[in-house]
Amino acid sequence: MEEFDDISKELDGIAPMLNRLPKNLSFKVEDNYFDELPTRVMERVHAANRRSISPSWAWLLQPRWAAAMGVAMVAIVFGTWFMFRPSAQERQFAEFVQKPLPKAEVQKLLEEPATKENILEHIDSDEMAEAVRVHKKDVKKDLHLKKQADIQALREQILNELEDSASIMDEL
Amino acid sequence: MSLSDDEILARFKEKDSQNYAFNLLVRKYQQKLYWVIRRLVVDHDDANDLIQNVWVKVWQNLDSFKAESQLYTWLYRISANEALTFLNKKKKRFLLKLEDVDKELSEKAEHDPGLSGDQIQIKLQKAIISLPEKQRLVFQMRYYDEMPYEEMSQVLKTSVGALKASYHHAAKKIENYLTGTD
């Protein structure tokens, strides 16, 4: 009461009109608001408790974090594919290897006797040089140095080696 | 059964009676704290949200409450902070000027069912709303809650001298507003 008197006296000295006004609560609330408020407060408190004791990784389940994780995963998958995707040359080679030979062509190759003439017909000069492990420039050099007889002997040698190679292919 | 603050706090520390003690605390102080907030934010829905936030914070921090100050002072401080923070956020969120927020609060006060028809009370509320926020809080603590300056000093962490000056300015401005000499 002493405090109230002091406050009233103090206010009377500053604002006498204000001091004379009735000090009511001014604003209104529903009649039963304060009866129900404790129940609502306890519900909020328990809800906040449930959130605070959820597992430490629970934040990952929040929509914005889940969306961010999804985007990151897509980026990682795409990045990995982009880094390790086959080159155009590798793709062409893979297509060539996987493409089956036409049956007729395979049949023809199997039925054809492995004669020197047949082999020579199918093999160009590069393949021939590769088969006998002789390079073009070496052949030319040798041809320049040797006489016609030597050339004939060389031709015989090449044909013999091709015949041996054909035999090995037949065995395989 | 009416328990003292110390008894409520002691029961709150026991796990089995924690809910019971907290319920008692809410019932004991809910009205006073609600009006602290309501007078600052004016709107009932805002005050209703804020008072519930206050109690959640009280629950989460009551264990760490040190009896260096009175429990009511501590509760009052949390409530006032919650209301002032809300008003500041509202201004920033909607990029409103201080005058716009005050105008909105004045309109709400004018249309409050508790005030309608009572012209002098509407005028008083408008005058209070026109004060700067901190000054408004000081005025309300002294005028409505009849709080001693020492207690106000603990709540607001401000010197008694500064609070007396602030209250004096606030009361003078309101008087001028009411008498039309503003």
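Here, the structure is the one placed above.
The rules we used
- Residues numbered from 1 in each chain as written.
- Chains lettered and ligands numbered in written order.
- Predicted model: local features only at pLDDT ≥ 70, side-chain atom pairs only at ≥ 80, totals over all residues.
- Heavy atoms only, no water.
- Phe/Tyr/Trp six-rings, centres within 6.5 Å; stacked < 30°, edge-to-face > 60°.
- Helix = DSSP H or I, 4+ residues; strand = E, 2+ residues; numbered from the N terminus.
- Buried < 20%, exposed > 50% of the residue type's maximum accessible area, 1.4 Å probe, protein only.
- Lys NZ or Arg CZ within 6 Å of the ring centre and 35° of its normal.
- Contact = heavy atoms within 4.5 Å.
- Buried area = accessible area lost by both parts, 1.4 Å probe.
- Salt bridge = Lys/Arg side-chain N within 4 Å of Asp/Glu carboxyl O.
- Polar contact = N/O pair within 3.5 Å; in protein donor to acceptor, adjacent residues only side chain to side chain.
- Nonpolar A, V, L, I, M, F, W, Y, C, P; charged D, E, K, R; others polar.

Visitor: I'd like a description of the packing of aromatic side chains, backed by residues and values.
Guide: All told, the structure shown has 16 aromatic pairs over all chains when counted by the stated rule. With a centroid separation of 5.2 Å and 55° between ring planes, the pair formed by Tyr33 of chain A and Tyr34 of chain B is classed as tilted. Here Tyr33 of chain A, found in helix H3 (residues 33–52), pairs with Tyr34 of chain B, found in helix H2 (residues 18–41), and the two come from separate chains. For the pair formed by Tyr33 of chain A and Tyr34 of chain B, the shared burial category is buried. Note on Tyr143 of chain B and Tyr144 of chain B: the rings are 4.9 Å apart at their centroids and 85° apart in plane angle, and the pair reads as edge-to-face. Comparing Tyr143 of chain B with Tyr144 of chain B, the two get one shared label, buried. Joined through ring pairs, the aromatic side chains of Tyr33 and Phe34 of chain A together with Tyr34 and Trp35 of chain B make up one cluster. The aromatic ring of Tyr143 of chain B is capped on one face by Lys23 of chain A, whose charged end is 4.7 Å from the ring centroid. Over the ring of Tyr149 of chain B we find Arg142 of chain B; its NZ or CZ atom is 4.0 Å from the centre of that ring.

Visitor: How would you sum up the interface of chain A and chain B? Please name residues and give values.
Guide: Facing the 32 residues of chain A at the interface are 47 residues of chain B. It is Ile14, Phe27 and Phe34 of chain A that lose the most area in chain A upon contact with chain B, and together they represent 20% of the buried surface on that side. Linking chain A with chain B are 2 salt bridges, by the criterion used here. Among the ionic pairs, Glu10 of chain A bridges to Arg142 of chain B, the shortest N-O distance being 3.0 Å. Our enumeration of links across chain A and chain B arrives at 14 residue pairs in polar contact (both at pLDDT 80 or more). Broken down by element, the residue count for the side of chain A that touches chain B peaks at 13 residues, all from H3 of chain A. When its residues are assigned to classes, the side of chain A that touches chain B shows 21 nonpolar, 4 polar and 7 charged.

By themselves these figures say nothing about function.
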